[in-house]
Structures are given as structure tokens and as C-alpha cells.
Amino acid sequence: MSLITVFTPTYNRADTLSRTYRSLCRQTCKDFEWLVVDDGSTDNTKGLVSQWIKESIIKIRYIHKENGGLHTGYNTAFSNITTELNVCIDSDDYMPDNAIEIIKTEWSKIINKSDIAGLIGLDFKLDNVAIGGPFQQVGDYHIHEMCRFHQGDTKIVCRTDILKPLVPMPVFNGEKNFNPIYYYIQVDKDYRFRLVNENLCFVDYQDNGMSANIFRQYRNSPQSFAQLRRLYMSMPYYDLKTNFRNAIHYVSSCLFSKQWNGLKTSPRPLMCTLAIPFGIALNLYVRYKTR
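Source: prediction; values computed, not measured. (Residues numbered from 1 in each chain as written. Predicted model: local features only at pLDDT ≥ 70, side-chain atom pairs only at ≥ 80, totals over all residues. Heavy atoms only, no water.)

(A) Quick peek at the overall build of the protein chain. For the protein chain, the count of helices and strands is 13 helices and 8 strands. Radius of gyration (C-alpha) of the protein chain: 19 Å, near the 19 Å computed for a compact globule of 291 residues. Overall, the C-alpha framework of the protein chain stretches about 60 × 45 × 35 Å when taken along its three principal axes. Relative to its 291 residues, the protein chain shows a buried fraction of 56%. Of the contacts made within the protein chain by residues no fewer than 6 positions apart, 79% connect residues no fewer than 24 positions apart. Carbon and sulfur atoms provide 52% of the accessible area of the protein chain, an area that totals close to 13600 Å². (Helix = DSSP H or I, 4+ residues; strand = E, 2+ residues; numbered from the N terminus. Rg over C-alpha atoms; globule rule 2.2 N^0.38 Å. Buried < 20%, exposed > 50% of the residue type's maximum accessible area, 1.4 Å probe, protein only. Contact = heavy atoms within 4.5 Å. Areas by Shrake-Rupley, 256 points an atom, 1.4 Å probe, with all protein chains shown as cover.)

Structure follows, in C-alpha cells:
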């Protein structure tokens, strides 16, 4: 069995998926398999992947599912992955040629540390610059600790056995913009990650990707955003300022989704009560930006 599964949730990205495939074919270490989770594409994704499977250059599995959004792609992936490690490479991104080799080498150094969930490497822009720069500190850290000294995008490599019990993320009818960071926040509560100052992914943000049009996503998937803030507020390590900011966003999302019982379902009802005026202001601002 391979060490790691590279999984790629994709929707109508046949044009960029080819670049992802070529980068995997160039890997200096082939101890991986590629899982393509097709989120109901209507382009030539299936035909392309079928062709690549026939080429037999790398191990490929293909799963087609009904369109449901990125987070449902993660749900499907984690339900089907059997390798020790996994990492998501989006369909518009690609790995540097030595990424799998780096992961395998670094993982061999900490494989016996039961409190380590995996590795976190860097995301690079296409101009070969690390997003947010390199890690200012290296070693073993919780994600929330890492965020204090690194604000850029990162690539998470995680143990499959830790993620599987967390499947599935909640799915709210009609909402397709639930950030899969929801999984890793839960992992972060009990596990640390080894920070690796290496490029594990080249990132090419698309105009219609999840990172774009955040105000529209915020308004179109309010139950998902509220659930994410609910999880953040349930974590024991965030300071008062961070929790109050989460409470403001939570109130705003509850207003969009008409969750009138939001205070009762909040882990911090008093703080959310105090955040109501600010949450209303944020809600009105988002409405203005998406009018």
C-alpha cells in the first residue's frame, strides 16, 4: 500500500486538472496514489481521468458524486482513503516535483510520535514565492499556535486514522461553501503538526474558486459559516478578542440563516448576546456588498 493519498476534489476543472496530473507524474517519489473526487462535473473530467488511468503512470482512483460543494468532496475522500497519510491538492493547483519525497522523508522522522497528526508545509504562488513567507519558527505546533507567527496559506498533510472518525462534516441543504478547515480545527484540539519549511504546493487562485467572492459565499452558506464559528468558539484556547470576533460573525450568519435559537446553540451565549449590535452591523455590511 502507498504511504499517502493525494486527493483532489474537482468540479468542471478539466482545463487545470491536467496540470495537477502532470505534476504528479513528475514526482521523484511514487509512494502515493491520486484520488480524484468528481463533484458532478459536466465537462470532460471523467474522460480525461479515464485516459490517465489507462496510461498507468501513477496510481489513480476516480469517484464521481452528485454536486455538493468542496466540503462534500472532503467527506467522500476521507471515507475512501486507506493510506496512512493524505493531502488535498486542489484541481487548480499542483505539487513541485519533490513534494512527495519531502513528505515521506519528514514523516519518517516523526512517525512514532503519537501526538503528531502530520505535517504542515508551505503554499507557493506561481512566481515561486511562499504565501506569507517561510515559517518564522519550526518544530511541532498546534495550528492555532502556528497562526500567531505565520499568516500565509499552508498545506496540511494529515494522518488518515485521525480524520476518519470525524467524517462527515455537516451538510446543509443548498449550501456549498463550507470550509473544510472544519476538520483540521477538530484535529488541532488534541494534536500538533510538524512544520516543514518546504514548498508542498503551487497555488493558482481561480476567479470562481472558494477563495474568491467571500462575501457572496458568506451570504449563500450562512448555516455553514455559523457552524464553523460555533466550532471555533467551542475551542478552549482562543483569547477573548478572537472569541468576540467569532461571536460577531456567528450572530451575522445566524441572521442570514434565520437561526433565531442561535444564542441557545452557541457555546458562548453571553458573548454572543454582547456581540448582537456588531453582528447586525456586519450583516448589513455583507448585504450591502452583495446587493
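(B) Geometry of the packing of aromatic side chains. In total, this model carries 18 aromatic pairs according to the counting rule given. Each ring, one from Tyr21 and one from Trp52, has its centre 4.3 Å from the other, and the planes form 10 degrees; the classification is stacked. Here Tyr21, found in helix α1 (residues 14-25), pairs with Trp52, found in helix α2 (residues 45-55); they are 31 residues apart in sequence, far enough to count as distant. On the basis of relative accessibility, which here comes to 5%, the residue Tyr21 falls in the buried class. In this structure Trp52 comes out as buried when scored by relative accessible area, which is 4%. Ring centres of Phe124 and Phe202 lie 6.4 Å apart, and the angle between their planes is 80 degrees; on these two criteria the pair is classed as edge-to-face. In this pair, Phe124 is assigned in strand β5 (residues 116-124) and Phe202 in strand β8 (residues 192-202), connecting sequence segments 78 residues apart. No difference in accessibility class separates Phe124 from Phe202, as the two residues are buried. Among the aromatic residues, those joined into a ring-pair cluster are Phe7, Tyr74, Phe78 and Tyr183. (Phe/Tyr/Trp six-rings, centres within 6.5 Å; stacked < 30°, edge-to-face > 60°.)

(C) How the structure looks around the pairing of strand β2 (residues 32-38). With 7 of its 7 residues buried, β2 lies for the most part within the structure. Here β2 shows no split at all, with Phe32, Trp34, Val36 and Asp38 on one side and Glu33, Leu35 and Val37 on the other all buried. Here strand β1 (residues 4-10) pairs with β2 via 7 bridges, running parallel. When the bridges of β2 are listed, Thr8 appears paired with Val36. Each parallel crossover has a hand, and the one from β1 via α1 to β2 is right-handed. In this structure, β2 lies alongside strand β3 (residues 59-64), joined through 6 bridges in parallel fashion. Across the sheet, the residue bridging to Glu33 is Lys59, located in β3. (Pairing = 2+ DSSP bridges. Right-handed = clockwise from strand over helix to strand, strands pointing away.)

(D) Quick peek at α1. The terminal C-alpha atoms of α1 lie 17 Å apart, and with 12 residues this matches the ideal 16 Å at 1.5 Å per residue to within 8%. In terms of burial, α1 is largely enclosed, as 9 of its 12 residues are buried. Of all the residues in α1, the buried ones are Ala14, Thr16, Leu17, Ser18, Thr20, Tyr21, Ser23, Leu24 and Cys25. Looking at the buried residues of α1, the elements they touch are β1, β2, α2 and β3. (Expected span 1.5 Å × (residues − 1).)

(E) Here's a closer look at unusual backbone geometry. Put simply, Val167 and Pro168 share a cis peptide bond, and its omega is 0 degrees. Relative to the helices and strands, Pro168 resides in the loop between α6 (160-163) and α7 (181-188). Non-glycine residue Asn12 carries a positive phi angle of around 50 degrees. By secondary structure assignment, the location of Asn12 is in the loop between β1 and α1. Judged by relative accessible area, which is 28%, Asn12 ranks as partly exposed. The phi torsion at Ser56 lies on the positive side, around 60 degrees, for a residue other than glycine.

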